[in-house]
Structure formats: C-alpha cells, structure tokens
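# Secondary and tertiary structure notes
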Amino acid sequence: MKIKGILQENAITLPELKEELLNVEAARLEKEKEMSYELRRSIEHANQISKTSAEKSRELVQALKQLDKVKSDVAFRIASVMPRTRDEVRAVFGRDKFSHTPEELDVIIDLVITHFR
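What you are looking at is a predicted structure, and each value in this text was computed from that prediction instead of being measured.

## Describing unusual backbone geometry
Not every positive phi belongs to a glycine, and E32 is a case in point at roughly 55 degrees. Located in the positive-phi region is M82, a residue other than glycine, with phi close to 55 degrees. As for its position among the elements, M82 is in the loop between helix 4 (72–81) and helix 5 (86–93).

Here it is as structure tokens:
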C-alpha cells in the first residue's frame, strides 16, 4: 500500500494506540476480514507494553505539560513508557537541553505513579 499524503497528524500515547488498534481489530472481525501479520503483532505489542488506560495516560500528558521543563513530545513519551525511577526518566529526556534536578525528576515520577493507579 502506498501512502500518498498525510491528512492529519496527532500525537497519542501507547495506551491510546492500544485502544485504536482494538477498535480496528473489532471492526475487522465484524466484517470477517483477515488481519495482517503487522496488525496482529502491533496489537500484541500494545497489549503487552501498555501499562495504564487511555484516559489516565491523556490526563498524565496534560499534567506533565504543566511542568516548566517538559515539552509536549516528551510528555507523550513519558505517558507511554511510564518511567518509575530517575534513571528511566532521564533516559526519556535523552539529549534534552535542560538538566533536571532530582526534585524535578521526583515530581515527574510522582505524577506517573499517581496516574498509574
């Protein structure tokens, strides 16, 4: 299948992707269409890796965006990965220009833990 152009682009978290993939799976099963290998593997991966609900992940993204040093793309990565330690949070930030204090990292971890429940 060739892609001719992108009509719309939205950032979503892994739990939101899982929800969308399950909707696609349900629609395919309803129409008795075969699912491709890639779709089956994507659904399996999303089920295994996703750690929270789509609603909670979106709430976490909004809470993370309120913090000073957290950009939108990093907020979505954090909500998808759900890091639990300072090292994991630092890994999500990668080569970010800001250096984060232990207190800032703890605030992010607290938000993750709060939205994980």
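## Regarding a negative patch on the surface
On the surface, E19, E20, E55 and E59 cluster together to form a negatively charged patch. Going through the elements one at a time, helix 1 (14–30) and helix 3 (54–65) are the ones with two or more residues in the negative patch.

## Comments concerning the environment of D106
Tracing the backbone through its elements, the reader meets D106 in helix 6 (residues 102–116). As a C-alpha pair, D106 and R84 span 22 residues in sequence and 9.4 Å in three-dimensional space.

## A word on helix 2 (residues 37–49)
Taking 1.5 Å per residue, 13 residues should reach 18 Å; helix 2 reaches 18 Å between its end C-alpha atoms and fits that length. Buried within helix 2 we find L39, I43 and A46. Taken around the axis of helix 2, the buried residues stretch over an arc of 65 degrees, which confines them to a single face. Of the exposed residues in helix 2, those oriented more than 90 degrees away from the buried face are Y37, E38 and Q48.

## Quick word on the packing of helix 3 against helix 4
Relative to each other, helix 3 and helix 4 sit at 140 degrees, their axes nearing to 9 Å. Of the possible angle classes, the one that applies to helix 3 and helix 4 is oblique. By crossing handedness, the relation of helix 3 to helix 4 is classed as right-handed. Along its contact with helix 3, which presents S57, R58, L60, V61, L64 and K65, the element helix 4 presents S72, A75, F76, I78 and A79.

## Thoughts on the side chain of T13
Considering the arrangement of structural elements, one finds T13 in the segment before helix 1. With sequence-adjacent residues up to four places away left out, T13 is seen in contact with S57, V61, F76, A79 and S80.

## Some remarks on the pattern of salt bridges
Pairs can form between side chains of opposite charge once their charged atoms are near each other. For the structure on display, the rule yields 6 salt bridges. Across the salt bridge formed by R58 and E16, the nearest N and O atoms sit 2.8 Å from each other. Placement of R58 in helix 3 and of E16 in helix 1 is noted, with a sequence separation of 42 residues between them. Classification of E16 as buried rests on a relative accessible area of 13%. With its nearest N and O atoms 3.5 Å apart, the salt bridge here joins K69 to E104. Placement of K69 in the loop between helix 3 and helix 4 and of E104 in helix 6 is noted, with a sequence separation of 35 residues between them. Using a relative accessible area of 26% as the deciding quantity, one classes K69 as partly exposed.

The rules we used
Residues numbered from 1 in each chain as written. Predicted model: local features only at pLDDT ≥ 70, side-chain atom pairs only at ≥ 80, totals over all residues. Heavy atoms only, no water. Helix = DSSP H or I, 4+ residues; strand = E, 2+ residues; numbered from the N terminus. Patch = residues over 30% accessible without salt bridge, like charges linked within 9 Å, V, L, I, M, F, W, Y side chains within 5 Å. Areas by Shrake-Rupley, 256 points an atom, 1.4 Å probe, with all protein chains shown as cover. Salt bridge = Lys/Arg side-chain N within 4 Å of Asp/Glu carboxyl O. Lys, Arg positive; Asp, Glu negative; His and termini not counted. Charge placed at Lys NZ, Arg CZ, Asp CG, Glu CD. Expected span 1.5 Å × (residues − 1). Buried < 20%, exposed > 50% of the residue type's maximum accessible area, 1.4 Å probe, protein only. Arc of directions from axis to C-beta. Axes fitted to C-alpha atoms, helices over the stretch in contact; angles between N-to-C directions. Parallel < 35°, antiparallel > 145°, perpendicular 65-115°, else oblique. Left-handed = near helix turned anticlockwise from the far one by under 90°. Contact = heavy atoms within 4.5 Å.

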